[in-house]
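Each chain, letter by letter, is given below.
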Amino acid sequence: MSDRIVDFEPALGRNRSADGPDRESDRESAPDAADADRAASGEDESVAAGSRWDPGVTVALLAGAVGVLTGTTAAFLAGAVGFTYAAYRYASRAPDTALAVDREIDDRSPLPSRTATVTVTIHNEGEESLPDLRIVDGVPERLAVVSGSPRHCTSVRPGETVSFSYAVRARRGSHEFGPTTLVVRSLAGATERRFEVRVDDSIACETLTETLALPADTSSYPGHVTTDSGGEGVEFYATREFHPSDPLSRIDWKRYARTRELSTVEFRETRAATVVLVVDARTAAHVARRDGEPDAVILSEYAAERLAAALLDRNDRVGLGFYGPSERYLRPAGGDEQAARIRAALDSTPESREREVGLFSEQRRERANDARFDALRRRLPDSAQIVFLSPLADDRAADVARRFRAYGHAVTVVSPDVTETDTPGGAVERIERDDRVATVRGGDVRVVSWSPDEPIRTAVSTATARWSR
């Protein structure tokens, strides 16, 4: 919970001090204590007059002129009504404000495509009623409001509390809320006081994933992938004939006590893997389950970031590639710097511009996809394992996974399931996707089928349990 108190004195019509002009000029040249407090707390205020056109003055002048020109007393006296309204308007001022601002978020770490409800509460701590209070909350730029509104207009009595709510749809990354803008207007609308209150809040869509179980294709670097070879490690692998260069700690002393023969114990080695995460960013992959939800490319990028973090944490070397119009590629590396490079590449992914339709356009697109695959494959290290992130929305995606495997790479497909069965068309898409998943699995490729309704770590854990049977 974040709470700020806003307490401002009127900025217009201040009386000059009796201390003299020199003292007054000193105050004008330096901020007073209230201004310093506002600057320190992140609150900005401005006071503005209302519209320069005044209907009361206009009516009064017209009625008075008509009365003078025509000699009509009634018309002349009617101008008094306009002058009365004008005097009331000019005499009114924006009330002094003392407001407590609070923002509550029901889920600060939602899953992608889930909604988070934001509730903004305003409490009038002052002694004046606010006849016209307008609030605009600082919604993060990348989050879409799916219900309610971040704008609210109300009146607040002294000691009264008002609140309003709206919902935003989560997407990958951390999203900071901006300042809440408050506008207080006088009863006649002649003046208004506008200020911003900075309340530090954020929504982070960064659920961690379980470690993805990889095949035993490794590099020479130490890591956590168990290999089928003996050496340094903690799990017993085999015994072999003793060599004079073997350390004494590796001698099987129990066997020597029984047989008087020296032998050396070998342990199962654990090494680091070289992994390249390949995101399917083609036009065909930009499909969403429902309007307003993140499409499969955004979900794939979210999963890629989480998987990269988990793999780098266990000392694997991780790279990133895009299969689609964006042909960016990051060579496999390790460490925190590589994690930062991967996050930056995923955050700056451009939108697909393949919008052409028709027979010849489709043929050109197929040739372009073949060329992109060949260019990506030539960049891959021979020992790299491929994690292909794709919704498997068409046969091309399934073919790409099989082609990676045919070139000798161990392949794992992480597939966000964005199909739905509420419509006949959606049911057909689900059946076609299930057939593609079965085809890919039949080609010695592991598949993690992930529903956006569940955490990615749950899908990885379920798939890992199935692979270990």
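Residue indices begin from 1 for each chain and proceed along its sequence in written order. Predicted model: local features are reported for residues with pLDDT of at least 70 only, side-chain atom pairs are reported and counted for 80 or more only, and whole-chain, interface and lining totals are derived from all residues. Water and hydrogen atoms play no part in the side-chain values, which are based on all heavy atoms of the structure.

1. Focus on the overall build of the protein chain
When helices and strands are tallied, the protein chain shows 11 helices and 21 strands. Exposure categories follow from relative accessible area, calculated using a 1.4 Å probe and restricted to protein chains: below 20% of the type maximum is buried, above 50% is exposed, and the middle band is partly exposed. Burial status across the protein chain gives 43% buried among its 469 residues. Residue contacts follow a heavy-atom distance rule, with two residues in contact if any of their heavy atoms lie within 4.5 Å. For the protein chain, restricting intrachain contacts to residue pairs at least 6 apart in sequence, the fraction spanning at least 24 positions comes to 72%. If you sum the accessible surface of the protein chain, you get close to 24500 Å²; carbon and sulfur atoms cover 50% of it. Secondary structure counts use DSSP, requiring at least four H or I residues in a row for a helix and at least two E residues in a row for a strand, with both numbered from the N terminus. Per-residue and other accessible areas were derived by the Shrake-Rupley procedure at a 1.4 Å probe size, with only the shown protein chains allowed to occlude residues.

2. Considering the pairing of strand β11 (residues 191-197)
Among the 7 residues of β11, 5 are classified as buried, and the element is accordingly described as predominantly covered. DSSP bridges decide pairing: two strands pair if at least two such bridges lie between them. Inspection of the sheet shows strand β10 (residues 178-185) paired to β11 by 6 bridges, in the antiparallel sense. Residue pairing for β11: threonine 181 is matched across the bridge by glutamate 196.

3. With respect to the environment of valine 184
Within the secondary structure, valine 184 is located in strand β10. With a relative accessible area of 0%, valine 184 lands in the buried category. Along the sequence, valine 184 and aspartate 132 sit 52 residues apart, while their C-alpha atoms lie 5.8 Å from each other.

4. Remarks on the packing of helix α6 (residues 296-313) against helix α7 (residues 336-347)
Axis separation between α6 and α7 bottoms out at 10 Å; the angle between their running directions is 175 degrees. If you check the angle between α6 and α7, you find them roughly antiparallel. Here Glu301, Ala304, Glu305, Ala308 and Leu312 of α6 come into contact with α7, specifically with Gln338, Ala339, Ile342, Arg343 and Leu346. Only C-alpha atoms enter the line fits that serve as axes; for helices the fit covers just the stretch in contact. Angles between N-to-C directions range over 0 to 180 degrees. What sets the label is the angle itself: under 35 degrees gives roughly parallel, over 145 gives roughly antiparallel, 65 to 115 gives roughly perpendicular, and the rest give oblique.

5. Here we look at the pairing of β10
Two elements, strand β5 (residues 130-138) and β10, share 6 bridges in a ladder whose sense is antiparallel. Residue pairing for β10: arginine 134 is matched across the bridge by valine 183.

6. Some details on the pattern of salt bridges
For salt bridges, the criterion is a side-chain nitrogen of Lys or Arg within 4 Å of an Asp or Glu carboxyl oxygen. For the structure on display, the rule yields 24 salt bridges. Where aspartate 201 meets arginine 103, a salt bridge forms, and the shortest distance between an N and an O atom there is 3.2 Å. Pair noted here: aspartate 201 is in the loop between β11 and β12 (202-205) and arginine 103 is in strand β3 (residues 97-105), with a separation of 98 residues, a long-range link. Each of the two residues, aspartate 201 as well as arginine 103, counts as buried. Each member of the salt-bridge network shares a partner with another, and the members are Glu366, Asp370, Asp374, Arg396, Asp399, Arg402 and Arg403.

7. A short note on the confidence of the model for the protein chain
Across the protein chain, pLDDT averages 76, with 69% of residues at or above 70. The predictor reports its confidence for every residue as pLDDT, a score running from 0 up to 100. Confidence drops under pLDDT 50 across residues 4-43; counting only partners more than four residues distant or on other chains, this segment forms 52 contacts. Scored below 50 in pLDDT, residues 216-231 makes 59 contacts in the model with residues more than four places away or belonging to other chains.

8. With respect to α7
Counting along an α-helix, one turn takes 3.6 residues, and residues three or four places apart therefore face a common direction. What a helix should span is 1.5 Å times the count of its residues minus one. Under the 1.5 Å per step criterion, the end-to-end length of α7 is 17 Å for 12 residues, consistent within 8% with the ideal 16 Å. Tucked inside the fold, the buried residues of α7 contact α6, β17 (317-323) and β18 (329-333).

9. Things to note about the packing of helix α9 (residues 395-406) against helix α10 (residues 424-442)
Taken N-terminus to C-terminus, the directions of α9 and α10 make an angle of 10 degrees; their axes are 10 Å apart at the nearest point. The orientation of α9 relative to α10 falls into the category roughly parallel. Of the residues in α10, those in contact with Asp395, Ala398, Ala401 and Arg402 of α9 are Arg436, Thr439 and Val440. Residue composition of the contact of α9 with α10, by class: 3 nonpolar, 1 polar and 3 charged. Each residue gets one of three labels, nonpolar for Ala, Val, Leu, Ile, Met, Phe, Trp, Tyr, Cys and Pro, charged for Asp, Glu, Lys and Arg, and polar for the others, Gly among them.

10. Structural notes on a nonpolar patch on the surface
On the surface, Leu248, Trp253 and Leu262 cluster together into a nonpolar patch covering about 330 Å² of accessible area. When you line up the elements, leucine 248 lands in the loop between β14 (235-241) and α5 (253-259). On the accessibility criterion, leucine 248 (59% relative accessible area) is exposed. Like charges within 9 Å and nonpolar side chains (Val, Leu, Ile, Met, Phe, Trp, Tyr) within 5 Å are joined into patches, using only residues over 30% in relative accessible area that form no salt bridge.

11. Focus on the packing of aromatic side chains
What counts as a ring pair is set by centres within 6.5 Å for rings of Phe, Tyr and Trp (its six-membered ring), and what kind of pair is set by the plane angle: stacked under 30 degrees, edge-to-face over 60, tilted for all other angles. Taken as a whole and judged by the stated rule, the model has 4 aromatic pairs. Ring centres of tyrosine 302 and tryptophan 450 lie 5.9 Å apart, and the angle between their planes is 25 degrees; on these two criteria the pair is classed as stacked. A residue pair is termed long-range when its members are at least 10 positions apart, and tyrosine 302 in helix α6 and tryptophan 450 in strand β21 (residues 446-450) qualify at 148 residues. An identical accessibility class is assigned to tyrosine 302 and tryptophan 450; each is buried. Between phenylalanine 373 and phenylalanine 404 the ring centres are 4.9 Å apart and the planes differ by 45 degrees, which places this aromatic pair in the tilted class. Note that phenylalanine 373 is positioned in helix α8 (residues 359-379) and phenylalanine 404 in helix α9, a separation of 31 residues in sequence. Neither phenylalanine 373 nor phenylalanine 404 differs from the other in exposure class; each is buried. What links up through ring pairs into an aromatic cluster is the set Phe373, Phe388, Phe404 and Tyr407. Lysine NZ or arginine CZ positioned within 6 Å of the ring centre and within 35 degrees of the ring normal marks a charge as sitting over the ring. Sitting over the face of the ring of phenylalanine 322, arginine 328 holds its NZ or CZ atom 4.7 Å from the ring centroid. The ring of tyrosine 407 has arginine 377 lying over it, and the distance from NZ or CZ to the ring centre is 4.1 Å.

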